[in-house]
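Structural features, examined
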Amino acid sequence: MIEAEVHLSLHNFLRSQVGFPSWPHHLTMARLVARALRMGRSALIQVGSVCGHQGRYRTSFIASALIWHGSVIIVASETVQQRLLKVEIPRLKQWLPANKPIRIGDNWPSPDFQGLLLTSPAAWLKGQLADNNAFPKHIPTIIDGVDDLEDWVRSQLTQSIEPHDWDELMLAYPHEVELIREARVQLTHQLFQHPENPYHCYLISQPEIEILQRLYLDLDKNHLPDNWRNFCQKLLYLEDSSLNFSSYVPLFWSTIARRQGLFSLHYAPIELGKILEPIWQRQPVVLIGSSLEPETEAPLFRQRLGLEDVTCLKFASDSQGEAIQLYVPYKLPLPNTPEFQGALIHQVRTLVCLSATATGMTVILIGDVPLKSKVATILASEFGSRVQVEKTCLDENGILITGWEFWRENQGVLPSPRLLIIATLPLPSLENPLVAGRVAHYKRSHQDWFRLYLLPTAMNELQRAIAPVRENQGIVALLDSRVVNRSYGVQILSALSPLARLNYLDPSLFAANNEDDSS
């Protein structure tokens, strides 16, 4: 069977590689992927945050894909595709009994192609959601990096009306230019009355919906550009007077560029499970993520994405080699109190000063935009050019101040920090209209929106953020006292394990790191 062939070939390959990055689960994962290919049964694999960050597991699934006698699709980001093509595949092909043709592209090369196709998440999802035969059915598909799968899907399903679409609409209706222009003026007036927020986006209100509905009803539907037709058809569901817009399932929102006086309109579904269910039934899929959930079965993730009958596997972390030192102060004010900002800045300065002589980068994660700017200004006045805000070019002992999104997207190109300071838990903010819209949906369904949405999102973000620190068993300072003052703090600490708790701050902690470096 292919499982035995993959096991033997990969085992011989691993023994031959001097200095190859060690991971104790290569053979287990390769056998599971091979089994999924042979039986046509889908699987969900969690490889752990550190392994996910380093990408060591990819050797396992590439070996199975190369040895499998049939065609395989691998869905991965362009960065990962290049890594596979230039490093993983050439290294494996020297040892494996396989000579499979390999292509990269946005659709299936030809009906008679019997090889390995690498494609992007956007291209694969576009073809699957349209069901346009861009990818034949029944071809086993491996999807790498499914921690971001929900975002990928929602991005593909989002429909937008951009500023240039108004010009296209006026060209399509030359006799209705004044009507269209008046609707845009009314909409601009309504949208720009929203108070500014850091997210520059707002849920569309009922008056704004009514302006769009009136415009749609006044125009001849036969000449509508496709973008407008698709968007406005979603609005038709809101014409029913028995529906309260605030309780309606789809999410409509606007993004505003105030300086330019421009706005865009957007629509996306909140629930993805029913939309994705038919896709998983077309072919067996192997979904690979870092740490999706504490549970092996990942029930919340599977429910949100419509994954039912799948084999689930979660690899245990290396409790010795991946442990972080975690400092969580007990007596800090809660983040929603006026005293928090001053206490946070004091803690950050103390930590940076204590670690000043240590070798390695310091990263300060702050989600609040105004607070991030204030901390950067204070630290720059004391530590000068060592302090950088969301930059990838830093000194060896640089201090990077960043938000969560920048850190997630760039941690792969930055050195592993010796000290990671986290200002607050990355719970999605209810001040973000898109978060508020999803929370409202959970409330309408009488579901626990905090434990089903906010908390899992925060834990997943935390695990991904601290993964680079685990590589050198560095120090993480989590300055959000809700971890010790709220009942859900136990779940967060459990998700961050393996760890060693620190109840005090002492320069010797960082001196120990220096000794490790010198040894």
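Residues numbered from 1 in each chain as written. Predicted model: local features only at pLDDT ≥ 70, side-chain atom pairs only at ≥ 80, totals over all residues. Heavy atoms only, no water.

**Some words on the sheet that holds strand E1 (residues 43-46)**
Taking strand neighbours across the sheet as the criterion, the seven strands line up as E3-E4-E2-E5-E10-E1-E11 in an open arrangement whose pairing is parallel. Each edge of the sheet is formed by a strand with only one pairing partner; in this case those strands are strand E3 (102-104) and strand E11 (311-314). Strand-to-strand twist across the sheet, computed as the mean angle between neighbouring axes with direction ignored, equals 15°. Judged from the three bridges that link them, E3 and strand E4 (residues 116-119) form a sheet pairing that is parallel. Looking across to E4, one finds that Ile104 is bridged to Leu118. In the packing of helix H5 (residues 78-93) onto the sheet, the strands contacted are strand E2 (72-75), E3, E4 and strand E5 (141-144), and the crossing angle to E3 comes to about 175°. (Pairing = 2+ DSSP bridges. Helix = DSSP H or I, 4+ residues; strand = E, 2+ residues; numbered from the N terminus. Axes fitted to C-alpha atoms, helices over the stretch in contact; angles between N-to-C directions. Contact = heavy atoms within 4.5 Å.)

**Observations regarding the nonpolar core**
In terms of nonpolar packing, the biggest core is built from 39 residues, with Met29, Val47, Phe61, Ile74 and Ile142 touching the most fellow members. Going through the elements one at a time, helix H1 (2-16), helix H2 (26-39), helix H4 (58-67), E2, H5, E4 and strand E10 (285-289) are the ones with two or more residues in this core. Of the residues forming this core, the biggest block, eight residues, is contributed by H2. Residues in contact with Ile74, not counting those within four places in the same chain, are Phe61, Ile62, Ala65, Leu84, Leu116, Leu117, Leu118, Thr119 and Ile142. By size, the runner-up hydrophobic cluster in this structure holds 36 residues, among which are Trp407, Val435, Leu462 and Tyr488. (Core = buried A, V, L, I, M, F, W, Y, C linked by side-chain atoms within 4.5 Å. Buried < 20%, exposed > 50% of the residue type's maximum accessible area, 1.4 Å probe, protein only.)

**Focus on the packing of aromatic side chains**
This model, assessed by the stated rule, comprises 11 aromatic pairs. Aromatic pair Tyr57 and Phe61: ring centres 6.2 Å apart, planes at 40°, arrangement tilted. Just as Tyr57 is buried, Phe61 falls in that class too. Plain terms: the ring middles of Tyr442 and Tyr453 are 5.9 Å apart, the flat faces sit at 10° to each other, and that makes the pair stacked. (Phe/Tyr/Trp six-rings, centres within 6.5 Å; stacked < 30°, edge-to-face > 60°.)

**Description of the UniProt feature "domain: ATP-dependent helicase C-terminal" (unreviewed entry) in the protein chain**
The positions that UniProt labels "domain: ATP-dependent helicase C-terminal" (unreviewed entry) are, in the present scheme, residues 418-498. Between the C-alpha atoms that bound residues 418-498 there is a distance of 17 Å. The span itself is 57% helix and 10% strand. (UniProt positions renumbered as here; feature names shortened; annotations may be inferred.)

**Some points on the packing of helix H10 (residues 206-218) against helix H11 (residues 226-236)**
The contact between H10 and H11 brings their axes to 10 Å, and the two run at 120°. In this structure, H10 meets H11 at a crossing whose hand is left-handed. Packed against H10, whose contacting residues are Ile209, Leu212, Gln213, Leu215 and Tyr216, the element H11 presents Trp228, Phe231, Cys232, Gln233, Leu235 and Leu236 at the interface. (Left-handed = near helix turned anticlockwise from the far one by under 90°.)

**Considering the sheet that holds strand E17 (residues 475-478)**
Strand order in this open sheet of seven strands is E14-E15-E13-E16-E17-E12-E18, and the pairing throughout is parallel. Only two strands of the sheet have a single partner each, and these edge strands are strand E14 (387-389) and strand E18 (499-502). Between one strand axis and the next, the sheet turns through 20° on average, direction left out of account. Pairing between strand E16 (residues 419-422) and E17: four bridges, direction parallel. By the bridge assignment for E17, Leu419 is matched with Ile475. Docked against the sheet, helix H18 (residues 449-470) engages strand E12 (324-327), strand E13 (362-365), E16 and E17, running at close to 160° with respect to E16.

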